[in-house]
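Fold and geometry: a report
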Amino acid sequence: MTCTIEHERPGTDELTALYDAVGWTTYTADPAALGAAVAGSHTVLTARGDDGRLLGLLRTISDGVTVVYVQDVLVVPDAHRSGIGGALLDEALRRYAGVRQTVLLTDAEDGQRAFYESRGFVEVHDVEPAPLRSFVLLR
């Protein structure tokens, strides 16, 4: 599946549809708060299909110098395993290449872990003295 990665902030309707599609209903229970969270993000990258459909989104929280938190990585279910999540994450890592530490939190699910490890992330307790890329697994 081909897509275009862009730096943009989608509107609330598109955001709500995307977050609902992946089952993140805690976010969509308050669309105004979701819109405000995305508006307040340091970077928002989108993946759009040739037809303009929003296929995925990645957003970060950062000071732009010392740390960047990858807050959300979402891809619509019918585009999973198509390379879109990897393309979004790779673009974010490229944009933040000079930032000292990249952090993300994710579920302790083997597929997610393998995906992030394929991009150079490691669990924070596995690296000393200070990781450049890390993730913390949540249960």
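A few points on the structure.

Looking only at helices and strands, the protein chain has five helices and seven strands in total. Order of helices (α) and strands (β) in the protein chain, N terminus to C terminus: β-α-α-α-β-β-β-α-β-α-β-β. For the protein chain, the accessible surface area stands at approximately 7500 Å², while carbon and sulfur atoms represent 52% of it.

Taking burial as the measure, the six residues of strand 2 (residues 43-48) include six buried ones, the bulk of the element. Neither face of strand 2 is open: one carries T43, L45 and A47, the other V44, T46 and R48, and all of them are buried. The pairing of strand 1 (residues 4-7) with strand 2 spans four bridges and is antiparallel. Paired with H7 across the two strands is L45, which belongs to strand 2. Summarising the sheet, strand 2 and strand 3 (residues 54-62) pair through six bridges and their orientation is antiparallel. If you follow V44 over to strand 3, its bridge partner there is R59. In this structure, the hairpin formed by strand 2 and strand 3 is closed by a connection of five residues, where G52 is found at a positive phi of approximately 90°.

With respect to burial, strand 4 (residues 67-75) is a largely interior element, seven of its nine residues being buried. For strand 3 and strand 4, the ladder comprises seven bridges, and the chain directions are antiparallel. Bridge assignment links S62 to a residue of strand 4, and that residue is V68. Taking the residues that link successive antiparallel strands as the turn, the strand 3-strand 4 hairpin has four residues, and the phi of G64 there is positive, at about 80°.

What follows concerns the pattern of salt bridges. Tallied over the full model, the rule gives eight salt bridges. As a salt-bridge pair, R59 and D72 come within 2.7 Å of each other at their nearest N and O atoms. One end of the pair, R59, is in strand 3; the other, D72, is in strand 4, with 13 residues separating them in the sequence. Each member of the pair, R59 as well as D72, is classed as buried.

Unlike most non-glycine residues, R81 shows phi in positive territory, near 65°. Relative to the helices and strands, R81 resides in the loop between strand 4 and helix 4 (84-95). Since its relative accessible area comes to 87%, R81 is described here as exposed.

So, on to the packing of aromatic side chains. Applying the stated criterion to the full structure yields five aromatic pairs. Here the aromatic rings of Y19 and Y27 are separated by 5.0 Å at their centres, their planes lie at 45°, and the arrangement is tilted.

Turning our attention to helix 4. When the terminal C-alpha atoms of helix 4 are compared, their 17 Å separation across 12 residues agrees well with the 16 Å that a helix rising 1.5 Å per residue should span. The complete set of buried residues in helix 4 reads I84, G85, G86, L88, L89, E91, A92 and L93.

Scoring rules and cut-offs
- Residues numbered from 1 in each chain as written.
- Predicted model: local features only at pLDDT ≥ 70, side-chain atom pairs only at ≥ 80, totals over all residues.
- Heavy atoms only, no water.
- Helix = DSSP H or I, 4+ residues; strand = E, 2+ residues; numbered from the N terminus.
- Areas by Shrake-Rupley, 256 points an atom, 1.4 Å probe, with all protein chains shown as cover.
- Buried < 20%, exposed > 50% of the residue type's maximum accessible area, 1.4 Å probe, protein only.
- Pairing = 2+ DSSP bridges.
- Salt bridge = Lys/Arg side-chain N within 4 Å of Asp/Glu carboxyl O.
- Phe/Tyr/Trp six-rings, centres within 6.5 Å; stacked < 30°, edge-to-face > 60°.
- Expected span 1.5 Å × (residues − 1).

These values are about where atoms sit, not about what they do.
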